[in-house]
Amino acid sequence: MIKRISRLGAVVVLTFACLLSGCRIWRGQSHLQGIDAAGTPRTQNKYWIRLMPGVHFGKDSDWERCLALYQRRMPSVFSERGQPVFIEIDGQLPSSNGAGWCLLNALLCGCSCVVIPYERDSRTEYRITVSLNEKMRKATEFTVVYQNRQWEGLLAPFGPMPTIEDQRFVHSAMNTCFENDGLLRKDYANLENAGILESFCGAADAIVQGVACYLQQVEAEQ
């Protein structure tokens, strides 16, 4: 009888831990540096971004899909039949918490049966070069900084998040123990390879805004 109770208790604890491991809160956020990105850009002509080969993570086709998603949301500047504007994306390797902190966090999370949440945190800088000339003459540069933080565990909703620098480019979600797609925003959750595109979309949102502001400035100078 005692053995049965102990086995049942072990099953209950294991089941509870598995459920807790599915509780997540997530935030990806970007901000722009090196360009005045205030307000909603408007241009007389319409444009469409063309991605030039560069040192960026992921496939060009994935980046193009993410960029297209946010260009379609800004018809005041962009149209698929518009004049091409060329960009290069130079991405640095993502930086994250040190190995010591990751190991300690994993031990605390495991020993507490996932009550203490496990943190995943990364920060990536993208240098964007933009020009109306395919040979990238008279180009302008600006930087998009993208940070992604996730907490997984019972106390995940109480995990500290980075300070929001620009509310426009915040991508966040929280899922329950019974959902599998809570980390993905609805605007790209149905895309193929949505998990891979998650961080690209977070950066693409700000990139499109920066390019639009550049185009508005160019027209104003002309």
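Note that this is a predicted model, so its numbers are computed, not measured. (Residues numbered from 1 in each chain as written. Predicted model: local features only at pLDDT ≥ 70, side-chain atom pairs only at ≥ 80, totals over all residues. Heavy atoms only, no water.)

(A) Expanded view of the overall build of the protein chain. The secondary structure content of the protein chain amounts to 4 helices and 7 strands. Secondary structure elements in the protein chain, listed N-terminal to C-terminal, are α-β-β-α-β-β-α-β-β-β-α. In the protein chain, which comprises 222 residues, the proportion classed as buried is 45%. Of the contacts made within the protein chain by residues no fewer than 6 positions apart, 81% connect residues no fewer than 24 positions apart. (Helix = DSSP H or I, 4+ residues; strand = E, 2+ residues; numbered from the N terminus. Buried < 20%, exposed > 50% of the residue type's maximum accessible area, 1.4 Å probe, protein only. Contact = heavy atoms within 4.5 Å.)

(B) Up close: helix H2 (residues 60-71). Taking 1.5 Å per residue, 12 residues should reach 16 Å; H2 reaches 16 Å between its end C-alpha atoms and fits that length. Among the residues of H2, those classed as buried are Asp62, Trp63, Cys66, Leu67, Ala68, Leu69, Tyr70 and Gln71. (Expected span 1.5 Å × (residues − 1).)

(C) Layout of the pattern of salt bridges. Throughout the structure, instances matching the rule amount to 9 salt bridges. Arg65 is paired through a salt bridge with Asp62; the nearest N and O atoms lie 3.7 Å apart. Here the residue Arg65 and the residue Asp62 both occupy positions in helix H2, the gap between them amounting to 3 residues, near one helical turn. Here Arg65 falls in the partly exposed class, since its relative accessible area comes to 30%. Given a relative accessible area of 7%, Asp62 falls into the buried group. In this structure, a network of salt bridges that share partners links the residues Asp90, Arg127 and Glu141. (Salt bridge = Lys/Arg side-chain N within 4 Å of Asp/Glu carboxyl O.)

(D) Quick peek at the state of the cysteines. Scanning the entire structure with this criterion turns up 0 disulfides. Cysteine Cys201 shares no disulfide, and the gap to the nearest cysteine sulfur, in Cys66, comes to 3.4 Å. (Disulfide = S-S within 2.5 Å.)

(E) Seen up close, the side chain of Asn148. Along the polypeptide, Asn148 turns up in strand S6 (residues 140-152). According to the relative accessible area criterion, Asn148 is buried, its value standing at 8%. A distance of 3.2 Å separates a polar atom in the side chain of Asn148 from a polar atom in the side chain of Tyr146. (Polar contact = N/O pair within 3.5 Å; in protein donor to acceptor, adjacent residues only side chain to side chain.)

(F) Highlighting the side chain of Thr129. As for its placement among the helices and strands, Thr129 is situated in strand S5 (residues 118-131). If we skip the residues at most four places from it in the chain, Thr129 touches Phe86, Ile87, Glu88, Met136, Ala139, Thr140 and Glu141.

(G) Just a nonpolar patch on the surface, in detail. A surface patch of nonpolar side chains, amounting to about 230 Å² of accessible area, comprises Leu104, Leu108 and Ile116. As for its position among the elements, Ile116 is in the loop between helix H3 (99-111) and S5. (Patch = residues over 30% accessible without salt bridge, like charges linked within 9 Å, V, L, I, M, F, W, Y side chains within 5 Å. Areas by Shrake-Rupley, 256 points an atom, 1.4 Å probe, with all protein chains shown as cover.)

(H) Molecular detail of the nonpolar core. Among the nonpolar cores identified, the biggest contains 41 residues, and Phe78, Ile87, Ile207 and Val211 are the most heavily contacted of them. At the level of secondary structure, the elements contributing two or more residues to this core comprise strand S1 (24-33), strand S2 (47-51), H2, strand S3 (83-91), S5, S6 and helix H4 (194-221). In terms of residue count, the dominant contributor to this core is H4 (13 residues). Apart from residues lying up to four places away in sequence, Ile207 is in contact with Trp63, Leu67, Ile87, Ile89, Ile128, Phe142 and Val144. (Core = buried A, V, L, I, M, F, W, Y, C linked by side-chain atoms within 4.5 Å.)

(I) Molecular detail of the environment of Ser61. Within the fold, Ser61 resides in helix H2. Considering only alpha carbons, one finds Ser61 and Leu51, 10 residues apart in sequence, at a separation of 9.3 Å.

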